[in-house]
Every structure is written in structure tokens, then in C-alpha cells.
Amino acid sequence: MELGVLYSGGKDSTLAALLLEEFYDVTLVTAHFGISDDWKHARETADAIGFAFDRLELDPAVAHDAVAQIRADGFPRNGIQQIHQHALERLARQEFDAIADGTRRDDRVPTVSRAQAQSLEDRHDVDYIAPLSGFGRTAVDRVVEDRLEVIAGPSEEITRADYEAELRALIADEDGHAAIRELFPEHDQTYVTGVHRG
């Protein structure tokens, strides 16, 4: 069975793919708006860890709507959630039997409710799987420490292919770099460079 994992090149989506590869033919799929070429970082990681890779182009209007939401809220949560839902909808329309993401039990954003998951499945005749939904951050970190080679650091310094990177680029282009610091809280990101298989 074919499965597409929404993929950023970070530890959560990488771990999700590793957990599912025993049961599915996994393709790592990076959703992007074409605002930057950050998707290439995810392709490099996919190549390094031995997974098929594909890109999924999202509607640029959704990025602009998300930026407007972030400006109105003064924080990125709702804007990122909008994009994740759009990305899942687009992924569900692809030729996969199942789709997945790296959302954890304790994620604030993005999240997928039981009702949203059921709606995706019913409308698109696809299985939605969240293999990390029972994992908290500490559990993920322990597994990752043992199995993955990871670079971690502040969001503005780590190369990755997630929604936030493109939103930051769009906001910086329109409002300047100071706006990024005002709208996005400081937090660390990860970028996977390899897997310890064995």
C-alpha cells in the first residue's frame, strides 16, 4: 500500500516515516508554496535516509491568508494550522492509499482532531495515520537520540522545509525581518541528516 507522509525534514516527520515503513511503501512529500526553495532540504534528507520523495505544490493564496491571520493574531498558531489542513487536503487527493504526518500528542500546532481525520478519510477514501499521536515530546526525543542524526537550533538558523520557513520568508519580504521576531516566538527546530539503522 502506498502512503504519503507530509515531510519537513525534521525529527517528527522522519520518525513517523520510519515507524510506518514496515507496513507501507512510504513517500516523503514536502508541501510548499514556491516562496522559497527550502523544499530542497527535505529532498536531501529523504535521499540521505533512503525514502522516495515528492513535492506537493500548495495554493499561494493560502499562504497569504495565513500571513494575514498571523498578523491579526500576533502569533503563528492559527495560520500554521490553516496551512496544515490545506496540505492534508491536497495530499489526500493524491494517489495514496494512506496519508500521515508527524503530529505528536502534545503538539500545540499543527493538530488534527478526530473529526478532521474522519472527514478526510470519508471525503477522499484515504486512511489518515498519525503514528506519533501517542508520543509526547520526551518520548520522541529519546527515540530520536537513539536512531537519528539531527541538527537542532533556533528556527532562524536551521534549514528545513516546513510551513513556518516559507511564512517567515513571506513576512520578511513584505514587512521586514523585525516583524518575524514580533510574530514568531523563539523555539528550536530540527533537521535530520541521517538514520542509524540496525
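Please refer to the structure higher up on the page.
Right, let's walk through the structure included here. What you are looking at is a predicted structure, and each value in this text was computed from that prediction instead of being measured.

## Brief notes about the overall build of the protein
Regarding its fold elements, the protein presents eight helices and seven strands. The C-alpha atoms of the protein give a radius of gyration of 16 Å, which matches the 16 Å a tight globule of 198 residues would have. Taken across its 198 residues, the protein has 51% of its residues classed as buried. Of the contacts made within the protein by residues no fewer than 6 positions apart, 77% connect residues no fewer than 24 positions apart. Counting only carbon and sulfur atoms, one obtains 44% of the accessible surface of the protein, whose full area is about 9900 Å². The positive charge centre, built from 20 side chains, and the negative charge centre, built from 39, are 4 Å apart in the protein.

## Examining the environment of Asp 47
Along the chain, the position of Asp 47 falls in helix α2 (residues 39-49). The exposed category is assigned to Asp 47, whose relative accessible area is 53%. Here the alpha-carbon distance between Asp 47 and Thr 193, two residues 146 residues apart in the chain, equals 9.7 Å.

## Some points on the packing of aromatic side chains
Scanning the model with the defined rule gives zero aromatic pairs in all. The residue whose ring lies beneath Arg 55 is Trp 39, and the NZ or CZ to ring-centre distance is 4.0 Å. Positioned over the ring face of Phe 184 is Arg 168, at 4.9 Å from the centre of the ring.

## Things to note about the environment of Val 140
Looking at the element boundaries, Val 140 is found in helix α6 (residues 137-147). With a relative accessible area of 0%, Val 140 lands in the buried category. Placed 36 residues apart in sequence, Val 140 and Gly 176 show a C-alpha to C-alpha distance of 35 Å. The residues contacting Val 140, other than those within four sequence positions of it, are Lys 11, Asp 12, Leu 15, Arg 104, Leu 132 and Phe 135.

## Focus on the packing of helix α1 (residues 11-20) against α6
Packed helices, taken two at a time, are described by the angle between their axes plus the distance between the axes. At their nearest, the axes of α1 and α6 sit 11 Å apart, and the two run at 70° to each other. Taken together, the axes of α1 and α6 are roughly perpendicular relative to one another. Taking contact as the criterion, the partners of Lys 11, Asp 12 and Leu 15 in α1 are, on α6, Arg 137, Val 140, Asp 141, Val 143 and Val 144. Per-class residue counts for the contact of α1 with α6 are four nonpolar, no polar and four charged.

## So, unusual backbone geometry
Pro 110 follows Val 109 through a cis peptide bond whose omega is -10°. Within the element layout of this structure, Pro 110 appears in the loop between β4 (98-100) and α5 (114-124). The phi dihedral of Asp 125 is positive, around 50°, even though this residue is not glycine. Along the chain, the position of Asp 125 falls in the loop between α5 and β5 (127-129).

## Things to note about the packing of helix α3 (residues 60-73) against helix α7 (residues 163-175)
Contact pair α3 / α7: the axes reach a minimum separation of 10 Å and the direction vectors enclose 70°. Classified by the angle their axes make, α3 and α7 are roughly perpendicular. Contacts between α3 and α7 involve Ala 63, His 64, Ala 66, Val 67, Ile 70 and Arg 71 on the former and, on the latter, Leu 167, Leu 170, Ile 171, Glu 174 and Asp 175.

Conventions and cut-offs
Residues numbered from 1 in each chain as written. Predicted model: local features only at pLDDT ≥ 70, side-chain atom pairs only at ≥ 80, totals over all residues. Heavy atoms only, no water. Helix = DSSP H or I, 4+ residues; strand = E, 2+ residues; numbered from the N terminus. Rg over C-alpha atoms; globule rule 2.2 N^0.38 Å. Buried < 20%, exposed > 50% of the residue type's maximum accessible area, 1.4 Å probe, protein only. Contact = heavy atoms within 4.5 Å. Areas by Shrake-Rupley, 256 points an atom, 1.4 Å probe, with all protein chains shown as cover. Lys, Arg positive; Asp, Glu negative; His and termini not counted. Charge placed at Lys NZ, Arg CZ, Asp CG, Glu CD. Phe/Tyr/Trp six-rings, centres within 6.5 Å; stacked < 30°, edge-to-face > 60°. Lys NZ or Arg CZ within 6 Å of the ring centre and 35° of its normal. Axes fitted to C-alpha atoms, helices over the stretch in contact; angles between N-to-C directions. Parallel < 35°, antiparallel > 145°, perpendicular 65-115°, else oblique. Nonpolar A, V, L, I, M, F, W, Y, C, P; charged D, E, K, R; others polar.

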